[in-house]
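Survey of secondary and tertiary structure
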Amino acid sequence: CTILQLVKEEKISLDDSLHKWLSSYPNIDDDITIKQLLNHTSGIFDLAENSDLMQSIVNEPNKTFTMEEVVQNYTMAPYFAKGSDWHYSSTGYLLLRMIIKKITDSEISTQYRNRFFQPLGMNNSYTAPEEVIDNYAQAWLDLDGDGNYDKLPFLTSFYSTAGGGLFCTATDLVTWAHSLFLRRNVISEPLYSQMIDFYSPCTGEWMLEGYGLGVERFNSELFNN
């Protein structure tokens, strides 16, 4: 939604290519568009599927990786040529976050707070790693493969490589969903229509019927419409 608001402000276009905003990176086609990043038709490798990166995060949970460092060093070969198929890629969101920072000269946490949290009264929402809170829900993961769950520390390194790292209460989450999808006071109506123009099929994702601009449509049979 930050990108879509920037589109409305005419600071960026969905048809802009990556080379307009960012430097070249290995295994990333410079001609991929903003829209292809949002609807996951870019073909860019998903950093979350790189075991080397995940191991680095486990080994150094308090290290803050730069976004550029992660994209430069951990992006493997693309899944397909841009626009020819679908594959979820958190790397795309990371690149969008880098573009937002370049356009606004501020962190994503500042944009979220100024554009969404404060106007909508979401007073219990935070963005990691810039905004650190104490009372977040504890996460657990089998870190050493012994079959037992391990208590995760606050993974600074994880959130510095992700697209958002959002924490919020259930009440704030409901506020967000109502504002975006029911009241429709987050983005303009024309951009909302583009946002829910779902690309389908979502290859390999049995739970999804389609993917729009940063929003997914779940299988209606599974979720009772």
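Residues numbered from 1 in each chain as written. Predicted model: local features only at pLDDT ≥ 70, side-chain atom pairs only at ≥ 80, totals over all residues. Heavy atoms only, no water.

Looking at the overall build of the chain
Filter applied, for reference: Only DSSP runs of H or I reaching four residues or more are called helices, and only runs of E reaching two or more are called strands; each is numbered from the N terminus. Here the globule rule is a power law, 2.2 Å times the number of residues to the power 0.38, and the radius of gyration is based on C-alpha atoms. Exposure is judged per residue with a 1.4 Å probe applied to protein chains only, and the accessible area is read against the type maximum: over 50% gives exposed, under 20% gives buried, and values in between give partly exposed. Per-residue accessibility takes into account occlusion by the displayed protein chains alone, with areas from the Shrake-Rupley method and a 1.4 Å probe. Charged-residue counts in this description rest on Lys and Arg as positive and Asp and Glu as negative, His and the chain ends being excluded. The location of each charge is read from NZ of Lys, CZ of Arg, CG of Asp or CD of Glu.
Along the backbone of the chain there are nine helices and six strands. Here the C-alpha radius of gyration of the chain, 18 Å, is about what a compact globule of 225 residues would show, namely 17 Å. Each principal axis of the C-alpha atoms in the chain carries an extent, and together these give about 50 × 45 × 40 Å. Per-residue burial for the chain yields a buried fraction of 44% across its 225 residues. Carbon together with sulfur atoms contributes 49% to the accessible area of the chain, which is approximately 12,000 Å² in total. Positive and negative charge centroids in the chain, built from 15 and 30 side chains respectively, lie 10 Å apart.

Describing the pattern of salt bridges
Quick note on the threshold: Counted as salt bridges are all cases of a side-chain nitrogen of Lys or Arg within 4 Å of a carboxyl oxygen of Asp or Glu.
Throughout the structure, instances matching the rule amount to seven salt bridges. One salt bridge connects Arg115 with Glu9, and the closest N-O pair in it is separated by 2.9 Å. Within this pair, whereas Arg115 is found in helix α6 (residues 108-120), its partner Glu9 is found in the loop between α1 (2-8) and α2 (34-38), the two being separated by 106 residues in sequence. Residue classification places Glu9 among the partly exposed positions, given a relative accessible area of 35%.

Here we look at the pairing of strand β5 (residues 208-211)
What counts is decided by this rule: Any two strands with at least two DSSP-identified bridges between them are counted as paired.
Note that β5 and strand β6 (residues 216-218) share three bridges and pair antiparallel. Bridge pairing in β6 places Leu208 opposite Phe218. Hairpin remark: β5 followed by β6, antiparallel, with four residues in the connecting loop; positive phi at Gly214, about 85 degrees.

Quick look at the packing of helix α4 (residues 67-74) against helix α5 (residues 90-104)
Our working definition: For helices, the fitted line uses only the C-alpha atoms of the stretch in contact; every axis is such a line through C-alpha atoms, and the angle between N-to-C directions lies from 0 to 180 degrees. By definition, turning the near helix anticlockwise from the far helix through less than a right angle yields a left-handed crossing, and turning it clockwise yields a right-handed one. Any two residues whose heavy atoms approach within 4.5 Å at even a single point are treated as in contact. Residue classes follow a fixed rule: Ala, Val, Leu, Ile, Met, Phe, Trp, Tyr, Cys and Pro count as nonpolar, while Asp, Glu, Lys and Arg count as charged, and any other residue, Gly among them, counts as polar.
Running from N to C, α4 and α5 point in directions that differ by 140 degrees, and their axes come no closer than 10 Å. For the element pair α4 and α5, the recorded crossing hand is left-handed. Contacts between α4 and α5 involve Met67, Glu68, Val70 and Val71 from the former and Leu94, Leu95, Arg97, Met98 and Lys101 from the latter. Partitioning the contact of α4 with α5 into residue classes produces six nonpolar, no polar and three charged.

Section: the environment of Leu222
Assignment of secondary structure puts Leu222 in the segment after β6. Judged by relative accessible area, Leu222 falls into the partly exposed class, the value being 45%. Along the sequence, Leu222 and Phe80 sit 142 residues apart, while their C-alpha atoms lie 29 Å from each other. If near-sequence neighbours (up to four positions away) are discounted, Leu222 is found in contact with Trp206 and Met207.

Examining unusual backbone geometry
Ser200 connects to Pro201 through a cis peptide bond whose omega is 5 degrees. Looking at where Pro201 falls in the secondary structure, it is placed in the loop between α9 (189-195) and β5. Backbone geometry places Asn27, a non-glycine residue, at a positive phi of 65 degrees. By secondary structure assignment, the location of Asn27 is in the loop between α1 and α2. Its identity is not glycine, yet Asp105 carries a phi of approximately 55 degrees, on the positive side. Residue Asp105 is classed as exposed on the basis of its relative accessible area, which comes to 71%.

Looking at a nonpolar patch on the surface
Spelled out, the test is: Residues enter a patch when their relative accessible area is above 30% and they make no salt bridge; the linking distance is 9 Å between like charges and 5 Å between nonpolar side chains (Val, Leu, Ile, Met, Phe, Trp, Tyr).
There is a patch of nonpolar side chains on the surface, built from Trp206, Phe218, Leu222 and Phe223 and spanning about 460 Å² of accessible area. When you line up the elements, Phe218 lands in strand β6.

Let's talk about the confidence of the model for the chain
Put simply, the rule is: pLDDT expresses, on a scale from 0 to 100, how confident the predictor is about each individual residue.
Residues with a pLDDT of 70 or more make up 95% of the chain, whose mean pLDDT is 90. Ranking the elements of the chain by mean pLDDT puts helix α7 (residues 156-159) last, at 62, and α2 first, at 98.

Quick word on helix α3 (residues 51-59)
Rule in force here: By construction, the arc corresponds to the directions joining the helix axis to the C-beta atoms. For the purposes of these results, a polar contact is taken to be a pair of N or O atoms within 3.5 Å, where, inside protein, one atom must be able to donate a hydrogen and its partner to accept one; residues adjacent in sequence count only when each atom of the pair is a side-chain atom.
Those residues of α3 lying buried are Leu53, Ser56 and Ile57. For α3, the angular spread of buried residues about the axis comes to 100 degrees, placing them on one side. Residues of α3 that are exposed and angled more than 90 degrees away from the buried face: Ser51, Asp52 and Asn59. Put simply, Asn50 is the residue that caps the front of α3, since its side-chain oxygen is 2.9 Å from the backbone nitrogen of Asp52.

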